[in-house]
Amino acid sequence: MSWHATILTLFPAMFPGPLGASLAGRALEDGLWRLDTHDLRAHGLGRHRTVDDTPFGGGAGMVMRPDVVAGALAAVRAPDDARPLIYLTPRGKLLTQADAARWSVGPGLVLLCGRYEGLDQRVIEASGAEEISVGDYVLSGGEPAALVLLDACLRLLPGVMGGAESATEESFADGLLEYPHYTRPAEWQGRAVPPVLLSGDHAAIRAWRRAEAEDATRQRRPDLWAAHLAARMAGRRPPVDSAASVATASAGP
Ligand code: SAM
């Protein structure tokens with residue numbers, strides 16, 4: 001059985017969207033993963049298929065009703081469905097490369113996309129949904145967040161990405177950002193490629209890349225660098241899950 005993504009959304013037309021092109025699109029055509037999208041509106045109430053209501057306690061915006069969302073979930077998710085259920089929300093845990101790696105080796109995911117002010121908290125708790133954020137900013141809906149999360153998982157599926165070594169060398173694979181890349185021409189607009197990359201000395205190239213990765217992490221992501229140093233002191237691999245975010249995490253104090 002191929003990796004299976006189920007999306008619950010008020011905007012099914014947004015899928016597969018960009019995931020219908022390039023690597024993910026080809027993998028979808030080849031049956032390496034499959035996608036079904038369900039319109040939450042179909043489970044709305046009354047003639048107008050209402051899915052939201054005003055917030056208890058007052059305030060701006062509308063909240064998605066728990067009975068509507070629960071009805072949709074019951075309709076699309078079999079009781080023995082082993083796939084994790086994820087609600088995309090800025091209140092969630094930041095998405096990490098480790099999450100994507102873990103989910104990519106499972107059977108797939110069920111993704112719940114919010115709109116308006118989000119979902120009634122009771123249906124999040126009752127359904128056991130994991131709350132995941134793609135970054136410290138607010139999107140107008142969970143759909144772009146679901147596309148980001150899916151993309152991060154899909155490229156890790158066996159057969160989707162060309163060179164398997166790319167995934168082990170890239171940013172976050174060992175708790176560091178990746179080193180910079182260069183290609184031809186060797187000189188462009190007066191800017192030369194770092195000479196070591198033309199030396200053919202593979203040990204020197206490895207050392208240079210490692211130093212560049214460490215420099216970039218130290219300067220750009222003090223949060224990752226601190227986690228990396230702590231892991232190095234303790235003689236273990238860096239805690240990618242807690243620190244290295246797929247999205248740009250806020251560098252906290
Ligand atoms: N009132 C919410 C808050 O301040 O946390 C924001 C609601 S947002 C306008 C509507 C929906 O977009 C959310 O229910 C969620 O599904 C999605 N969303 C927005 N930002 C997101 C993010 N950073 N990560 C994941 N989902 C997000």
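A brief structural summary. Since the structure is predicted, the reported quantities are computational estimates derived from the model, not experimental observations. (Residues numbered from 1 in each chain as written. Predicted model: local features only at pLDDT ≥ 70, side-chain atom pairs only at ≥ 80, totals over all residues. Heavy atoms only, no water.)

**Quick look at unusual backbone geometry**
1) Next: Along the chain, phenylalanine 15 connects to proline 16 via a cis peptide bond; the corresponding omega equals -5°.
2) Next: The omega torsion across arginine 184 and proline 185 is 0°, close enough to zero to call that bond cis.
3) Next: Looking at where proline 185 falls in the secondary structure, it is placed in the loop between helix H6 (164-169) and strand E8 (187-188).
4) Next: Residues other than glycine seldom take positive phi values, yet arginine 49 does so here, at roughly 50°.
5) Next: One can find arginine 49 in the loop between strand E2 (33-39) and strand E3 (52-53). (Helix = DSSP H or I, 4+ residues; strand = E, 2+ residues; numbered from the N terminus.)

**A word on the nonpolar core**
1) Next: The biggest cluster of nonpolar side chains holds 28 residues, and the ones touching the most others in it are Trp3, Trp33, Leu111 and Leu149.
2) Next: Breaking this core down by element, the ones donating at least two residues are strand E1 (3-9), helix H1 (22-29), strand E5 (85-94), helix H3 (97-104), strand E6 (108-113) and helix H5 (142-154).
3) Next: Here the element with the most residues in this core is H5; it accounts for 8 residues.
4) Next: When sequence neighbours within four positions are dropped, the list of residues in contact with leucine 149 reads Ile86, Leu88, Leu95, Trp103, Leu109, Leu111 and Ile132.
5) Next: Core analysis: the next-biggest nonpolar cluster, separate from the first, contains 18 residues, Leu40, Val51, Val68 and Val76 among them. (Core = buried A, V, L, I, M, F, W, Y, C linked by side-chain atoms within 4.5 Å. Buried < 20%, exposed > 50% of the residue type's maximum accessible area, 1.4 Å probe, protein only. Contact = heavy atoms within 4.5 Å.)

**Points about the pattern of salt bridges**
1) Next: According to the stated counting rule, one finds 13 salt bridges in the structure shown.
2) Next: Two residues, aspartate 81 and arginine 83, come together in a salt bridge whose shortest N-O distance is 2.6 Å.
3) Next: Given the relative accessible area of 7%, arginine 83 is considered buried.
4) Next: Note that aspartate 174 is salt-bridged to arginine 210, the shortest N-O span being 3.0 Å. Of this pair, aspartate 174 sits in the loop between H6 and E8 while arginine 210 sits in helix H7 (residues 202-220), placing them 36 residues apart in sequence.
5) Next: Looking at aspartate 174, the relative accessible area reads 27%, which means it is partly exposed.
6) Next: In the salt-bridge network here, residues are joined through shared partners; they are Asp174, Arg210, Glu214 and Arg232. (Salt bridge = Lys/Arg side-chain N within 4 Å of Asp/Glu carboxyl O.)

**Quick word on the site of the ligand**
1) Next: In the neighbourhood of the ligand, 20 residues make up the surrounding shell, with Tyr87, Leu88, Glu117, Tyr137 and Leu139 lying closest.
2) Next: A distance of 3.4 Å separates an oxygen atom of the ligand from a polar atom in the backbone of glycine 142.
3) Next: Looking at the shell around the ligand, the elements that each hand over two or more residues are E5, strand E7 (130-133) and H5.
4) Next: Ranked by residues supplied to the shell around the ligand, first place goes to E5 with 4 residues.
5) Next: A breakdown of the residues in the shell around the ligand according to their chemical character gives 10 nonpolar, 8 polar and 2 charged. (Near = heavy atom within 4 Å. Polar contact = N/O pair within 3.5 Å; in protein donor to acceptor, adjacent residues only side chain to side chain. Nonpolar A, V, L, I, M, F, W, Y, C, P; charged D, E, K, R; others polar.)

**Examining the side chain of threonine 6**
1) Next: With respect to the helices and strands, the residue threonine 6 is situated in strand E1.
2) Next: We classify threonine 6 as buried; its relative accessible area is 1%.
3) Next: For threonine 6, the side chain forms a polar contact with the side chain of arginine 83, separated by 2.9 Å.
4) Next: Apart from residues no more than four positions distant in its own chain, threonine 6 is found in contact with Asp36, His38, Val76, Arg83, Leu109, Val110 and Leu111.

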